[in-house]
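Observations on the model geometry
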Amino acid sequence: MTPVANTDDPRIVAGMAAQGRLRESRLRAGERRVGWKAGLGTAPAMEAVSIAAPLVGFLTNASLASGLTTTDGLSVDAWRNARLEAEVAIRVDRTVPSGSDRDTVAAAIAEMAPSIEVVDLGDPADIQQVLADNLFHRAFLFGAFVPVTGTELAAARL
């Protein structure tokens, strides 16, 4: 399958619609929006599932790992492939229009922090279901955010 723009891919359109319904139901139930996450963003991952850009999921306070306990929080018993992923969390200080170039996006980054995401990696072949299930996400934890300049951001990229 040749990758097409994510907005033209029926798997992604349907998966994002389902994910949107999941997010809205969680917000109506009292969860609070924390941010967004990207996934399947490396060139090999995108090629493997025939997508043109990374996929997006959401974060709410309900999956903040510091609020979970062993008695009521995060059991991995029924998971297929539990993993901890080292991540970088960023905060932006302005709106970034869709389709912006790399320099515009980088200029909007005001702070960054180390982060860990807990995921249950399944088979990415069913992109619609991966998106509907919020992109393998189960929990996250952010470290301390620190201000970042463009120079520091360039130095942080390896």
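This write-up is about the structure you can find in this document.

Conventions adopted
- Residues numbered from 1 in each chain as written.
- Predicted model: local features only at pLDDT ≥ 70, side-chain atom pairs only at ≥ 80, totals over all residues.
- Heavy atoms only, no water.
- Salt bridge = Lys/Arg side-chain N within 4 Å of Asp/Glu carboxyl O.
- Buried < 20%, exposed > 50% of the residue type's maximum accessible area, 1.4 Å probe, protein only.
- Helix = DSSP H or I, 4+ residues; strand = E, 2+ residues; numbered from the N terminus.
- Expected span 1.5 Å × (residues − 1).
- Arc of directions from axis to C-beta.
- Core = buried A, V, L, I, M, F, W, Y, C linked by side-chain atoms within 4.5 Å.
- Contact = heavy atoms within 4.5 Å.
- Phe/Tyr/Trp six-rings, centres within 6.5 Å; stacked < 30°, edge-to-face > 60°.
- Lys NZ or Arg CZ within 6 Å of the ring centre and 35° of its normal.
- Pairing = 2+ DSSP bridges.
- Polar contact = N/O pair within 3.5 Å; in protein donor to acceptor, adjacent residues only side chain to side chain.

The final tally for this structure, using the stated rule, is 6 salt bridges. Across the pair Glu 24 and Arg 23 runs a salt bridge whose closest N-O atoms are separated by 3.1 Å. Looking at Glu 24, the relative accessible area reads 36%, which means it is partly exposed. With a closest N to O distance of 3.7 Å, Asp 120 and Arg 138 form a salt bridge. Placement of the pair is Asp 120 in strand 4 (residues 109-120) and Arg 138 in strand 5 (residues 137-142), with a sequence separation of 18 residues. Using a relative accessible area of 29% as the deciding quantity, one classes Arg 138 as partly exposed.

Let us look at the environment of Ala 45. Here Ala 45 lies in helix 2 (residues 43-48). The buried category is assigned to Ala 45, whose relative accessible area is 19%. On a C-alpha basis, the gap between Ala 45 and Pro 124 in space is 8.9 Å, while along the polypeptide they are 79 residues apart.

Moving on, we come to helix 1 (residues 10-28). Between the first and last C-alpha of helix 1 there are 27 Å, a value that for 19 residues agrees with the 27 Å anticipated at 1.5 Å per step. Those residues of helix 1 lying buried are Arg 11, Ile 12, Gly 15, Ala 18, Gln 19 and Arg 23. One side of helix 1 holds all its buried residues, which, seen down the axis, span an arc of 140°. Across helix 1 from its buried face, at more than 90 degrees, point the exposed residues Pro 10, Arg 21 and Arg 28.

Right, let's talk about the nonpolar core for a bit. As a rule of thumb, nonpolar side chains are buried together in soluble globular proteins. One finds Ile 12, Leu 40, Ile 51, Leu 55, Ile 127 and Leu 131 to be the most contacted residues of the largest nonpolar core, which totals 13 residues. Of all the elements, helix 4 (residues 127-132) adds the most residues to this core, at 3 residues. Here Leu 40 is in contact with Ala 45, Met 46, Val 49, Ile 51, Pro 54, Leu 55, Pro 124 and Ile 127, once residues within four sequence places are set aside.

Summed over all chains, the structure comprises 2 aromatic pairs. With 4.9 Å between their ring centres and 45° between their planes, Phe 140 and Phe 142 make a pair best called tilted. Phe 142 sits in the partly exposed class, given a relative accessible area of 30%. Measuring from ring centre to ring centre gives 5.5 Å for Phe 142 and Phe 145, while their planes differ by 80°; the resulting arrangement is edge-to-face. In this structure an aromatic cluster arises from ring pairing among Phe 140, Phe 142 and Phe 145. If you follow Arg 91 out to its NZ or CZ, it ends over the ring of Phe 145, 3.7 Å from the centre. The ring of Trp 79 is capped by Arg 138, whose NZ or CZ atom sits 5.7 Å from the centre of that ring.

A few words on the pairing of strand 2 (residues 55-60). For a regular strand, the rule is simple: side chains alternate between the two faces of the sheet. Along strand 2, 5 of the 6 residues are buried, which leaves the element largely enclosed by surrounding structure. Pairing geometry for strand 1 (residues 33-39) and strand 2, over 6 bridges, is antiparallel. Looking at the pairing, Arg 33 lines up with Thr 60 of strand 2.

Along the chain, Glu 117 falls in strand 4. Since its relative accessible area comes to 4%, Glu 117 is described here as buried. There is a polar contact of 2.7 Å between the side chain of Glu 117 and the side chain of Lys 37. Every residue in contact with Glu 117, bar those within four places of it in the chain, is listed here: Lys 37, Arg 83, Leu 84, Glu 85, Glu 87, His 137, Ala 139 and Phe 140.

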